[in-house]
Amino acid sequence: SGAPNSPSPSQVPVGVDPTRPSIARIYDGFLGGKDHYEVDRVVMRKINDAVPEAVHIARGNRGFLNRACRFLAAQSKIEQYLDCGSGLPTAENTHQIVQRTNPDARVVYVDNDPVVLAHGRALLEENENVHITEADIFTPSTVLKNPVVSTHLDLSEPLVLLHVGTLHHLEGDGGPAVMQEYIDALAPGSYVVFSHFFDPETPGQTEIAKKIEEILVKGPMGAGRFRTRDEILAMLPGLEIIKPNATTGPDLVACDEWWPDGPRLTPLSDSAHCIAGIVARKP
Ligand code: SAM
């Protein structure tokens, strides 16, 4: 996909171009939001036609984000959160969850989608501990040196870095280098909350991953990769993975399997297995 140094599709700001679909609007649409245009709905319909339960990927991802934030707010005592690729402000956002436990927690959101930035600014106006800024999350130096980030967060102290549902929108194999740069910048004792489209490498589930990937990568989005366990773990170098559930299972699980709220009454769909979530700590 293009010259080695050409930007990944999602690094090109979306603008308010109603002819170009937006990752943020499509994802929010799957979560029940209303801020999508016809160009987004075309992609949503294609995905739904190919994989009727694809919505489980978005819901699983958002549920994981919420439980991971609740867990870290309660147990890590860390008071600063850097949420990269925050998405449209849907019902329960990082700051609402962590500030419920700790009203002093500070959150900086980063995104490059103008609709996200506009909604985010409107929502956050009243909250002095929450900020949103524009940067390319796949160029870590621009995030780490961003004045909003450096004014409100102290990188020399432990923080929680969120890259939830983001790296699969980076084309090519630059993911490990991007995450390495973030991880190098974190103080020991920091946490990383991470999720990614997942190819579980089992026949039915791989088929789902391939169908959705085909629509996203070959369509107007130009990006959306499902990666394997090894490819995902390569993006979290040097981190200790928090045990993802109460059993002695694998280190990487479907988002829905990451410390669920309670026992499962119905089995997970194959689609729900196609998004993986990890919480890890920098030693
Ligand atoms: N993190 C949220 C969650 O998991 O619920 C939202 C995930 S949404 C699938 C991905 C978000 O990343 C979108 O809001 C999109 O605008 C943002 N994004 C994608 N590429 C980006 C880039 N290069 N720089 C900044 N934000 C980006």
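Residues numbered from 1 in each chain as written. Predicted model: local features only at pLDDT ≥ 70, side-chain atom pairs only at ≥ 80, totals over all residues.

An unreviewed UniProt entry lists the protein under the name SAM-dependent methyltransferase, with Amycolatopsis acidicola given as the organism.

A. Highlighting the overall build of the protein. From N to C terminus, the protein includes ten helices and eight strands. For a compact globule of 283 residues, the expected C-alpha radius of gyration is about 19 Å, and the protein comes in at 18 Å, within 12% of that figure. Overall, the C-alpha framework of the protein stretches about 45 × 45 × 35 Å when taken along its three principal axes. Sorting the 283 residues of the protein into buried and exposed places 45% on the buried side. (Helix = DSSP H or I, 4+ residues; strand = E, 2+ residues; numbered from the N terminus. Rg over C-alpha atoms; globule rule 2.2 N^0.38 Å. Buried ≥ 20, exposed ≤ 12 C-beta atoms within 10 Å, placed from the backbone.)

B. Broad picture of the site of the ligand. Inspection of the region around the ligand gives 22 residues, with Ser10, Ala24, Gly85, Gly87 and Gly165 positioned closest. Where the shell around the ligand is concerned, the elements lending two or more residues are helix 1 (23–30) and helix 3 (55–75). Taken together, the residues of the shell around the ligand sort by class into eight nonpolar, ten polar and four charged. (Near = placed C-beta within 6 Å. Nonpolar A, V, L, I, M, F, W, Y, C, P; charged D, E, K, R; others polar.)

C. Main features of the environment of Leu72. Considering the arrangement of structural elements, one finds Leu72 in helix 3. A C-alpha to C-alpha distance of 8.0 Å links Leu72 and Val98, two positions 26 residues apart in sequence. Aside from chain neighbours lying at most four places away, what touches Leu72 is Ile78, Val160 and Tyr191. (Contact = placed C-beta atoms within 7 Å.)

D. Highlighting the nonpolar core. Counting 73 residues, the largest nonpolar core has Val193 and Ala276 as its most contacted members. Per element, the largest residue contribution to this core is eight residues, and it comes from helix 3. The contact partners of Val193, leaving out residues within four places of it in the chain, are Ala68, Val160, Leu162, Val164 and Val279. (Core = buried A, V, L, I, M, F, W, Y, C linked by C-beta atoms within 7 Å.)

E. Broad picture of the packing of helix 3 against helix 4 (residues 94–101). Where helix 3 meets helix 4, the closest approach of the two axes is 9 Å, and the angle between their N-to-C directions is 30 degrees. Overall, the two elements helix 3 and helix 4 adopt an arrangement that is roughly parallel. Here the hand of the crossing between helix 3 and helix 4 comes out right-handed. For the pair formed by helix 3 and helix 4, the contact residues are Asn66, Cys69, Arg70, Ala73 and Ala74 on the first element and Thr94, Ile97, Val98 and Thr101 on the second. Here the contact of helix 3 with helix 4 is built from residues that sort into five nonpolar, three polar and one charged. (Axes fitted to C-alpha atoms, helices over the stretch in contact; angles between N-to-C directions. Parallel < 35°, antiparallel > 145°, perpendicular 65-115°, else oblique. Left-handed = near helix turned anticlockwise from the far one by under 90°.)

F. Molecular detail of the pairing of strand 5 (residues 191–197). With seven of seven residues buried, strand 5 lies mostly within the body of the structure. In this structure, strand 4 (residues 160–164) lies alongside strand 5, joined through five bridges in parallel fashion. Its bridge partner being in strand 5, Val164 is matched across the sheet by Ser195. Handedness of the crossover joining strand 4 and strand 5 through helix 8 (residues 175–185): right-handed. In this sheet, strand 8 (residues 275–281) lies alongside strand 5 in antiparallel orientation, the contact comprising seven bridges. The residue bridging His196 from the neighbouring strand is Ala276, located in strand 8. (Pairing = 2+ DSSP bridges. Right-handed = clockwise from strand over helix to strand, strands pointing away.)

G. Geometry of the environment of His163. Residue placement: His163 occurs in strand 4. Sequence separation between His163 and Ala280 is 117 residues, and the spatial gap between their C-alpha atoms is 12 Å. Apart from residues lying up to four places away in sequence, His163 is in contact with Cys84, Gly85, Val192 and Phe194.

H. Fine view of unusual backbone geometry. We note that Lys77 has phi near 65 degrees; this positive angle belongs to a residue other than glycine. Here Lys77 shows up in the loop between helix 3 and strand 1 (80–84). Its identity as a non-glycine residue notwithstanding, Trp259 has a phi of 35 degrees, on the positive side. With respect to the element layout, Trp259 can be found in the loop between strand 7 (253–254) and strand 8. Note on Trp259: 17 C-beta atoms within 10 Å, which makes it partly exposed.

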